[in-house]
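Structural overview for review
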Amino acid sequence: NAGVMQNPRHLVRRRGQEARLRCSPMKGHSHVYWYRQLPEEGLKFMVYLQKENIIDESGMPKERFSAEFPKEGPSILRIQQVVRGDSAAYFCASSATGDYGYTFGSGTRLTVV
Amino acid sequence: GENVEQHPSTLSVQEGDSAVIKCTYSDSASNYFPWYKQELGKRPQLIIDIRSNVGEKKDQRIAVTLNKTAKHFSLHITETQPEDSAVYFCAARYGFGNEKLTFGTGTRLTIIP
């Protein structure tokens, strides 16, 4: 089992560009969560998705951010028109139905220049 | 929503001594409390968890205690070793699997050789 796979590991974008972060959950896991971690800070919940459905997006900024988890393929976190304040590590986690704990991916470190 | 506070933010202990990290939560309905360890530049990894029907759980040098009345839970690490140096996050959740976890702000633990 390859675990939760995130790519890219590092992403550099200029202000105003779009960032696309990908997350493939563990085999057998149908629940995906995205968290943002600013330097020296904790993990802030962004969004929880199941296949083709957004279950909870209460932590997602209202503008520029969107997430999807299509029937086929990885979950995508999309940030449009990035700003310097979007620079952070973005972690994806997954779980199977009924699981209590998550398994995290290695994260994507986004740097906006 | 749930709010989790974690103390202290930094902790240094002599190798071989014990370390204790404390968290409080706000939602009395929360019933699941995991602890994650994050080494520098790496993913958070689950090290131990406890459910609300249990007061204490132990795994080798690591233990977690839960006081539901006071709404707080603690991580205890005994006989600390240099490889215990990391950032530790507590978290809490209400529900019976798959709902989002709310994380504390983290404790940077440094073991002094």
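Here goes a summary of the coordinates provided.

Some thoughts on the overall build of chain A
Summing up its helical and strand segments, chain A has zero helices and eleven strands in all. Listing each helix as α and each strand as β along chain A from the N terminus yields β-β-β-β-β-β-β-β-β-β-β. The C-alpha atoms of chain A give 13 Å as radius of gyration, which agrees with the globular expectation for 113 residues (13 Å, within 12%). Structurally, chain A occupies a C-alpha span of about 40 × 25 × 25 Å along its principal axes. In chain A, which comprises 113 residues, the proportion classed as buried is 47%. The contacts of chain A with a sequence gap of at least 6 include a subset with a gap of at least 24, amounting to 52%. Total accessible area on chain A is roughly 5,700 Å²; 46% of this is exposed by carbon and sulfur atoms. Each charge class in chain A was averaged separately, 16 positive and 11 negative side chains, and the resulting centres sit 7 Å apart.

Here's the deal with the pairing of strand β3 (residues 19-25) of chain B
All names here are of chain B. Burial of the side chains of β3 is restricted to one face: Ala19, Ile21, Cys23 and Tyr25 are buried, whereas none of Val20, Lys22 and Thr24 on the reverse face is. Relative to β3, strand β1 (residues 4-7) is paired through four bridges, and the arrangement is antiparallel. Bridge pairing in β3 links histidine 7 to lysine 22. Alignment of β3 against strand β8 (residues 72-77), held across six bridges, turns out to be antiparallel. Each residue of the ladder has a partner; that of cysteine 23, found in β8, is phenylalanine 73.

Some points on the sheet that holds β8 of chain B
Residue and element names in this part refer to chain B. With antiparallel pairing, five strands are arranged side by side in an open sheet as β1-β3-β8-β7-β6. Lying at the two open borders of the sheet, with one neighbouring strand each, are β1 and β6 (56-59). Going from strand to strand, the sheet's axes swing by 15° on average, the running direction of each strand aside. Looking at chain direction, strand β7 (residues 62-67) and β8 are connected through six bridges and run antiparallel. Bridge pairing in β8 places threonine 65 opposite serine 74.

Quick notes on the sheet that holds strand β3 (residues 19-24) of chain A
All names here are of chain A. The strand order across the open sheet built from four strands is β1-β3-β8-β7, with neighbouring strands paired in antiparallel fashion. Looking at which strands have only one partner, the edges of the open sheet turn out to be β1 (5-7) and β7 (65-68). Looking at each pair of strands side by side, their axes are set apart by 15° on average, direction ignored. For β7 and strand β8 (residues 75-79), the ladder comprises four bridges, and the chain directions are antiparallel. By the bridge assignment for β8, glutamate 68 is matched with isoleucine 76.

Rules used throughout
Residues numbered from 1 in each chain as written. Chains lettered and ligands numbered in written order. Predicted model: local features only at pLDDT ≥ 70, side-chain atom pairs only at ≥ 80, totals over all residues. Heavy atoms only, no water. Helix = DSSP H or I, 4+ residues; strand = E, 2+ residues; numbered from the N terminus. Rg over C-alpha atoms; globule rule 2.2 N^0.38 Å. Buried < 20%, exposed > 50% of the residue type's maximum accessible area, 1.4 Å probe, protein only. Contact = heavy atoms within 4.5 Å. Areas by Shrake-Rupley, 256 points an atom, 1.4 Å probe, with all protein chains shown as cover. Lys, Arg positive; Asp, Glu negative; His and termini not counted. Charge placed at Lys NZ, Arg CZ, Asp CG, Glu CD. Pairing = 2+ DSSP bridges. Axes fitted to C-alpha atoms, helices over the stretch in contact; angles between N-to-C directions.

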